[in-house]
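Chain residues, written in single-letter form:
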Amino acid sequence: MRYLISHPDALADLGDLDVALYDGTRPIPEPLDEVEFYAIPYGIIDPLLCEAIVRMPRLKVVQTLTAGYDHVLPYLRPGLTLANARGVHDAATAELAVALTLAARRRLPDFVRAGSEGRWASGWSTGLADARVLIVGYGSIGAAIERRLAGFEVEISRVARSARPGVRPIAELPEMLPHADVVILATPLTPETEGLVDKDFLAGMADGALLVNVARGRVVDTGALLAELHAGRLHAALDVTEPEPLPADHPLWTAPNVLVSPHVGGLTAAFAPRARRLLVDQVRRYAAGQPLANVVSGP
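Summary of the structure given here. (Residues numbered from 1 in each chain as written. Predicted model: local features only at pLDDT ≥ 70, side-chain atom pairs only at ≥ 80, totals over all residues. Heavy atoms only, no water.)

Once that is clear, we can look at the overall build of the protein chain. The secondary structure content of the protein chain amounts to 9 helices and 13 strands. The C-alpha atoms of the protein chain give 21 Å as radius of gyration, which agrees with the globular expectation for 299 residues (19 Å, within 12%). Taken over the C-alpha atoms alone, the protein chain extends approximately 60 × 45 × 35 Å along its principal axes. Relative to its 299 residues, the protein chain shows a buried fraction of 48%. Positive and negative side-chain charges in the protein chain, numbering 28 and 35 respectively, have mean positions lying 4 Å apart. (Helix = DSSP H or I, 4+ residues; strand = E, 2+ residues; numbered from the N terminus. Rg over C-alpha atoms; globule rule 2.2 N^0.38 Å. Buried < 20%, exposed > 50% of the residue type's maximum accessible area, 1.4 Å probe, protein only. Lys, Arg positive; Asp, Glu negative; His and termini not counted. Charge placed at Lys NZ, Arg CZ, Asp CG, Glu CD.)

So, on to the environment of Pro262. Looking at where Pro262 falls in the secondary structure, it is placed in the loop between strand 12 (258–260) and helix 9 (271–287). With 102 residues separating them in the primary sequence, Pro262 and Ala160 have C-alpha atoms 26 Å apart.

Here the focus is the layout of surface pockets. The volume enclosed by the second largest pocket comes to roughly 370 Å³. In terms of lining residues, the second largest pocket is bounded by 21 residues, among which Ala104, Asp110, His235, Asn257 and Val258 are the most central. Put simply, the parts of the chain that give the lining of the second largest pocket at least two residues each are helix 3 (90–105), helix 4 (108–116), strand 11 (235–238) and strand 12. (1 Å grid on protein atoms, 1.4 Å probe; cavity = no way out; pocket = protein on both sides within 12 Å on 5 of 7 lines; lining within 4 Å. Points joined across faces, edges and corners; volume = space filled by probe spheres on them.)

Membership of the largest hydrophobic core comes to 32 residues, with the highest contact counts inside it found for Leu134, Val183, Leu185, Phe201, Met205 and Leu211. Mapped onto this core, the elements with two or more residues apiece are strand 6 (132–136), helix 6 (173–176), strand 9 (182–185), helix 7 (199–204), helix 8 (222–231) and strand 11. Per-element tally for this core: the top contributor is helix 8, with 4 residues. Not counting the four nearest positions on each side in its chain, Leu134 is found in contact with Ser157, Arg158, Val159, Leu173, Met176, Leu177, Ala180, Val182, Val183 and Ile184. In this structure, Ala94, Leu128, Ile135 and Ile184 belong to the second largest nonpolar core, which totals 26 residues. (Core = buried A, V, L, I, M, F, W, Y, C linked by side-chain atoms within 4.5 Å. Contact = heavy atoms within 4.5 Å.)

All told, the structure shown has 2 cavities of 30 Å³ or more when counted by the stated rule. Size it by volume and the second largest cavity reaches roughly 60 Å³. The wall of the second largest cavity is formed by Asn213, Gly217, Val220, Thr222, Leu225, Leu238, Val240, Thr241, Glu242 and Leu252.

Under the criterion given, the structure shown has 4 aromatic pairs. Among the aromatic side chains, those forming a connected cluster through ring pairs are Tyr3, Phe37 and Tyr286. Taking the ring centre of Tyr138 as reference, the NZ or CZ of Arg158 above it sits at 5.9 Å. (Phe/Tyr/Trp six-rings, centres within 6.5 Å; stacked < 30°, edge-to-face > 60°. Lys NZ or Arg CZ within 6 Å of the ring centre and 35° of its normal.)

Moving on: the environment of Asp23. With respect to the helices and strands, Asp23 occurs in the loop between strand 2 (19–21) and strand 3 (37–39). Each C-alpha atom, one on Asp23 and one on Ser6, is 4.5 Å from the other, the two residues being 17 residues apart in sequence. Not counting chain neighbours up to four residues away, the residues in contact with Asp23 comprise Ser6 and Pro41. Reaching out from Asp23, the side chain makes a polar contact with the side chain of Thr25 at a distance of 2.6 Å. (Polar contact = N/O pair within 3.5 Å; in protein donor to acceptor, adjacent residues only side chain to side chain.)

Glancing now at the sheet that holds strand 11. Adjacent strands of a sheet form backbone hydrogen bonds with each other and so pair up, either parallel or antiparallel. Strand order in the open sheet formed by 7 strands is 8-7-6-9-10-11-12, and the pairing between neighbours is parallel. Edge positions in the sheet fall to strand 8 (168–169) and strand 12, since each has one partner strand and no second. The sheet contact formed by strand 6 and strand 9 spans 4 bridges and is parallel. Bridged to Val133 within strand 9 is Val182. Packing against the sheet, helix 5 (residues 140–149) makes contact with strand 6, strand 7 (155–160) and strand 9, and its axis sits at approximately 160° to strand 6. (Pairing = 2+ DSSP bridges. Axes fitted to C-alpha atoms, helices over the stretch in contact; angles between N-to-C directions.)

The 6 strands lie next to each other as 2-1-3-4-5-13, forming an open sheet whose pairing is mixed. Bordering the open sheet on either side are strand 2 and strand 13 (295–297), each of which pairs with just one other strand. Taking each pair of neighbouring strands and ignoring which way they run, the sheet shows an average axis angle of 25°. Where strand 4 (residues 61–63) lies against strand 5 (residues 81–83), 3 bridges are found, and the strand directions are parallel. Counterpart to Gln63 in the pairing with strand 5 is Ala83. Taken strand by strand, helix 9 contacts strand 1 (3–5), strand 3, strand 4 and strand 5, and its axis lies near 170° from that of strand 1.

See the structure below:
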């Protein structure tokens, strides 16, 4: 087999090629000596799924079905091309970013907890209209978040690694943070962004501001965030955490002013058709000797 992919529907679309299925739920097909294109199964990040790379001597392309790819980098060798799933998770992750923002700003967790106790706990909330929203990491997911916020009457600012029209560079974050009511993290995990949201970053945020993380847990210093939450100065809504998954006794579970979802940003019905289209397109490109999409590393 030349192509080892992880989506059964894509397999059906590529029946004219030497393709095999590996979705991570059963032993990997053998032998691996002829595999040139490997699409890593999607789901919980498991080193075993990446370790197979070293047993593929003819491998040329590694394709992830995640937008993030930091977990794959340690397994790459010189000459391999790495492509990610840019675009596959934009809709679902953007939905969740907005959902977490609304839930936290409208105090939905408080109302749910009160309802489970039979209490009618009415009260004011900050809401989202007229809020100033800062999107940190303005790639395809960041842009998708902005599109979904368009009807909420918010003021949006954008930050990315490099400046471009309408997007300011990450170096200008310190002067932007005090003016944001909501800070949404959608940046990839890189050496530059790991620990980006540290004590100084959080101290620069406005009193009462909300931090929303749909990026990677390691972008945020968990200890520094816990200190701000317990001080009552900031709020947080987190789909990703460090560590992950959170142990049952982790203090984030019981910290005040925090909403945690268990890394479900991409887990909607939107995933399957988008993943299928990506895999079919990438395999066809490779088979035809055409440039691949979403290349993030390699020749």
